[in-house]
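What the coordinates show
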Amino acid sequence: MTMKVTMRIRRFDPEKDAKPYWAEYTLEAVDPTDRVLDLLHQVRGRFDGSLAFRRSCAHGVCGSDAMRINGVNRLACKVLVNTIVKGDEGKIQVEPLLGLPVIKDLVVDMEPFFENYRSVMPYFVNDEPPPARERIQTPEQRTRFDDPTKCILCAACTTSCPSFWANGTYVGPAAIVQAHRFIFDSRDRAARDRLAVLSQENGVWRCRTIFNCTTACPRDIKVTQVIAEVKNAISRGRAD
Ligand code: SF4
Ligand code: F3S
Ligand code: FES
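First, a word on what this report is: a plain description of the structure on this page. Computed from a predicted structure; not experimentally measured. (Residues numbered from 1 in each chain as written. Chains lettered and ligands numbered in written order. Predicted model: local features only at pLDDT ≥ 70, side-chain atom pairs only at ≥ 80, totals over all residues. Heavy atoms only, no water.)

Observations regarding the overall build of the chain
- The number of helices and strands found in the chain is 9 helices and 7 strands.
- Across its three principal axes, the chain shows a C-alpha extent of roughly 60 × 40 × 30 Å.
- Taken over 240 residues, the chain has a buried fraction of 48%.
- Looking at the chain alone, contacts between residues at least 24 apart form 64% of all its contacts between residues at least 6 apart. (Helix = DSSP H or I, 4+ residues; strand = E, 2+ residues; numbered from the N terminus. Buried < 20%, exposed > 50% of the residue type's maximum accessible area, 1.4 Å probe, protein only. Contact = heavy atoms within 4.5 Å.)

Quick notes on the pattern of salt bridges
- For the structure on display, the rule yields 16 salt bridges.
- Two residues, Glu-134 and Arg-133, come together in a salt bridge whose shortest N-O distance is 3.9 Å.
- With relative accessibility at 48%, the residue Glu-134 sits in the partly exposed group.
- According to the relative accessible area criterion, Arg-133 is exposed, its value standing at 73%.
- Between Glu-229 and Arg-144 there is a salt bridge, with its nearest N and O atoms 3.0 Å apart. One end of the pair, Glu-229, is in helix H9 (residues 223-236); the other, Arg-144, is in the loop between helix H4 (139-143) and helix H5 (162-166), with 85 residues separating them in the sequence.
- Of the residues examined, Arg-144 reaches a relative accessible area of 33% and is grouped as partly exposed.
- Sharing partners across several salt bridges, the network here consists of Arg-8, Glu-24 and Lys-91. (Salt bridge = Lys/Arg side-chain N within 4 Å of Asp/Glu carboxyl O.)

Looking at the packing of helix H6 (residues 173-183) against H9
- Interaxial distance between H6 and H9 falls to 9 Å at its minimum, and their mutual angle equals 60°. One finds that H6 runs oblique with respect to H9. Considering how the two elements wind past one another, H6 and H9 form a crossing that is left-handed. Facing Pro-173, Ile-176, Val-177, His-180 and Ile-183 of H6, the residues of H9 in contact are Val-223, Val-226, Ile-227, Glu-229 and Val-230.
- Residues that form the contact of H6 with H9 fall into these classes: 8 nonpolar, 1 polar and 1 charged. (Axes fitted to C-alpha atoms, helices over the stretch in contact; angles between N-to-C directions. Parallel < 35°, antiparallel > 145°, perpendicular 65-115°, else oblique. Left-handed = near helix turned anticlockwise from the far one by under 90°. Nonpolar A, V, L, I, M, F, W, Y, C, P; charged D, E, K, R; others polar.)

Side note on the sheet that holds strand E3 (residues 66-69)
- Taken together, 5 strands build an open sheet; the order of strands is E2-E1-E5-E3-E4 and the sheet is mixed. Among the strands making up the open sheet, the edge pair consists of strand E2 (21-30) and strand E4 (72-75). For this sheet, the mean angle separating the axes of adjacent strands, direction not counted, is 35°.
- Contacts between helix H1 (residues 36-46) and the sheet are confined to strand E1 (3-11), E2, E3 and strand E5 (90-95), with E2 contributing the most and set at about 100° to the helix. (Pairing = 2+ DSSP bridges.)

Some details on the site of ligand 2
- As a structural note, the neighbourhood of ligand 2 is formed by 13 residues, with Cys-161, Cys-207, Arg-208, Phe-211 and Cys-213 the closest of them.
- Going through the elements one at a time, helix H8 (212-216) and H9 are the ones with two or more residues in the shell around ligand 2.
- The residue inventory of the shell around ligand 2, partitioned by class, reads 8 nonpolar, 4 polar and 1 charged. (Near = heavy atom within 4 Å.)

What to know about the environment of Arg-238
- With respect to the helices and strands, the residue Arg-238 is situated in the segment after H9.
- With relative accessibility at 42%, the residue Arg-238 sits in the partly exposed group.
- The contact partners of Arg-238, leaving out residues within four places of it in the chain, are Leu-195 and Ala-233.

Structure (structure tokens):
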């Protein structure tokens, strides 16, 4: 059985539009098991080939199609139409992530996001001579930073955070998640440097525990809890 769905999409082409506007497209034969990403492809294929959006894997892995769907940040490839539209003639509203500049339609400029990401040294640091085989770690030590390893850098958390909307210089939850992954890794030696970055004016203290980030995360990372652990480490002056 198919259904009828109206897609309401926030459009903006800097080469011809003075400002963003809403456009509506009626899709007559939508399969309820389609994802929102499938409908965006339908709109582009049947109505307007200039509709711009990012996607790559289409299976919730690459993080490139985060967008605001019915007012909530989601991955378009992970949202089944039948979970957000009930019955015929439902509406789906899609708009770009908030808090980042729009390049075109649903495509935002991710550079400010990745600038924050780079600021927390999101890579392994250890200048000690490597052992003959690998750097040993116990299962308990590995578990300590397990949750953040699931992050796919989709930006759904950071762009749902009111503190980030209010002050774009806040490093944001995604960067803190990435920092946590290395701060609590027993093999890494740069925890103090990362904690110093995150204790600055635009670091973790701009988090007001609003929890939007945790709700938005498509990987079910307990983002607010991760941030709280980094705050605690800064307060204690160490990361153990
Ligand atoms: Fe995306 Fe979750 Fe990583 Fe934030 S923490 S960037 S929402 S995967
Ligand atoms: Fe923002 Fe999440 Fe903190 S929504 S205020 S980073 S708990
Ligand atoms: Fe890769 Fe959706 S297209 S996560």
